[in-house]
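The primary structure of each chain is shown beneath.
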Amino acid sequence: MTGFAVLAVLAGCSKTPTDASVSTVPAEDDAWVYDETLPVPVTFSAPGLDMSMTKAEIPGAIDGSVMSGLDIGVFGLATEEGAPAWDTSDNSTVLIYNRKVTTGEDGSVKFTPAVYYPVDSDKSFSFYAYYPHRSCTADGNSYSVSYSLGYTDILWAEDHATTFGTSPVYEGYNANYCRYVKQIGRTDLMPALNFRHLLTAVRFIAKTSSDVSNVTVQRLYVTNVNTHATLQVAGDTAGVMEYYTQDGEPSTGRIYLRKDPAVATGELGVVPTVGGVELGTLMLEPCTAVNVEVTLLVNNGVANSSNTVTASLTGNFEAGRRYALTLTVKSPEEVELSTSLVPWDDVTGPGTEF
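Thoughts on the sheet that holds strand S13 (residues 241-242)
Pairing in this open sheet of 4 strands is antiparallel, and the strands run S6-S7-S12-S13 from one edge to the other. Looking at strand neighbours, the two that pair on one side only are strand S6 (137-139) and S13, the edges of this open sheet. Sheet topology places strand S7 (residues 142-148) next to strand S12 (residues 228-234); 6 bridges connect them, and they run antiparallel. The residue of S12 that forms the bridge with Tyr143 is Ala234.

Rendered as structure tokens:
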């Protein structure tokens, strides 16, 4: 699975508390490392960049290993050995609450205004982040966001500090921990979030046999799939996707492949070629079968007629992997379906006919 480097200004959740340590007190460069009268800013191992470039959300799969110009959500919450120890009624345990941040060109993050660790606190904080940013729901010590599936690449990351040193012992992340690891040059022990894909990507390609020239791919649906999901961003089940609607109802249905993901309706109108033509990509729940329904428009020389064909391709469609599904039209009634895998991790395998 391809990891996504790195990371981690303002959007609300229900029951939104105030970020505990937002301040406009300047910290000149890294002067805070040695001057204990200065507050310790929340920074990450990647350098901060100007946040002027924004891409609120882009359709389809996020490629590469650097998250550039993406709107992510960030939480900084008190934990004990990685377990939740925060309380929304106690601001001292909530350092950052669903802050919207646009990543820099190298995936780095800069909070504006700066966020500082509490000066007089022995609490340890962990960080949780996700993409794309949404308003969130608080339920006890769990925070979640909801999505419609199909065209959104959902990413998630977390980072917990480990105990460091012997006498004294430094437990982080907090002001004392960050000051110490910077003093000894261990910047690798500073917070750094590595995002991972929570969905599988399915890329559709249309091909044709050399003797078929009168068929157009008009519509394509993936059927019997979950259409909505809730991501548990932070809490006891952090990083888990739950597949149901916001009302708690099953979300099974079909997802339509659009020519333009920004347009809800419209026909594909793609004429397959021997070499193959790209139809588009869907972001789906990891599954063991992809069920496809295709509507073909046939020109018989007098009038157009449509024919709908279906197929099911079984296999292990995993999170963080992108699969190329090729539809080979052999006749208006016969279509062969095959798959391959491409990086993210991208997949090749046998196909089925229908």
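Once you've had a look at it, read on.
Describing the side chain of His197
Note on placement: His197 falls in strand S9 (residues 194-197). Since its relative accessible area comes to 0%, His197 is described here as buried. At 3.0 Å, the side chain of His197 forms a polar contact with the side chain of Asp153.

What about the confidence of the model for the protein chain?
Overall, the predicted model of the protein chain reaches an average pLDDT of 79, with 77% of residues at or above 70. Confidence drops under pLDDT 50 across residues 1-12; counting only partners more than four residues distant or on other chains, this segment forms 62 contacts. Throughout residues 47-57 the model reports pLDDT below 50, and contacts reaching past four residues in sequence, or to other chains, amount to 32 contacts.

Details of the pattern of salt bridges
For the coordinates displayed, the defined rule picks out 7 salt bridges. The closest approach of N and O atoms between Lys182 and Asp30, which form a salt bridge, is 3.2 Å. One end of the pair, Lys182, is in helix H1 (residues 175-183); the other, Asp30, is in the loop between strand S1 (4-5) and strand S2 (71-80), with 152 residues separating them in the sequence. Classification of Asp30 as partly exposed rests on a relative accessible area of 40%.

Side note on the sheet that holds strand S14 (residues 252-256)
Hydrogen bonds between backbone groups are what pair the strands of a sheet, and the pairing can be parallel or antiparallel. Across the sheet, which stays open at both edges, the 4 strands sit in the order S14-S11-S16-S17 with antiparallel pairing between neighbours. Looking at strand neighbours, the two that pair on one side only are S14 and strand S17 (304-317), the edges of this open sheet. Averaged over all neighbouring strand pairs, the angle between strand axes comes to 25°, with direction disregarded. Direction of pairing for strand S16 (residues 287-299) relative to S17: antiparallel, over a ladder of 12 bridges. Each residue of the ladder has a partner; that of Val298, found in S17, is Ser305.

Reading guide: rules and limits
Residues numbered from 1 in each chain as written. Predicted model: local features only at pLDDT ≥ 70, side-chain atom pairs only at ≥ 80, totals over all residues. Heavy atoms only, no water. Pairing = 2+ DSSP bridges. Helix = DSSP H or I, 4+ residues; strand = E, 2+ residues; numbered from the N terminus. Buried < 20%, exposed > 50% of the residue type's maximum accessible area, 1.4 Å probe, protein only. Polar contact = N/O pair within 3.5 Å; in protein donor to acceptor, adjacent residues only side chain to side chain. pLDDT = per-residue confidence, 0-100. Contact = heavy atoms within 4.5 Å. Salt bridge = Lys/Arg side-chain N within 4 Å of Asp/Glu carboxyl O. Axes fitted to C-alpha atoms, helices over the stretch in contact; angles between N-to-C directions.

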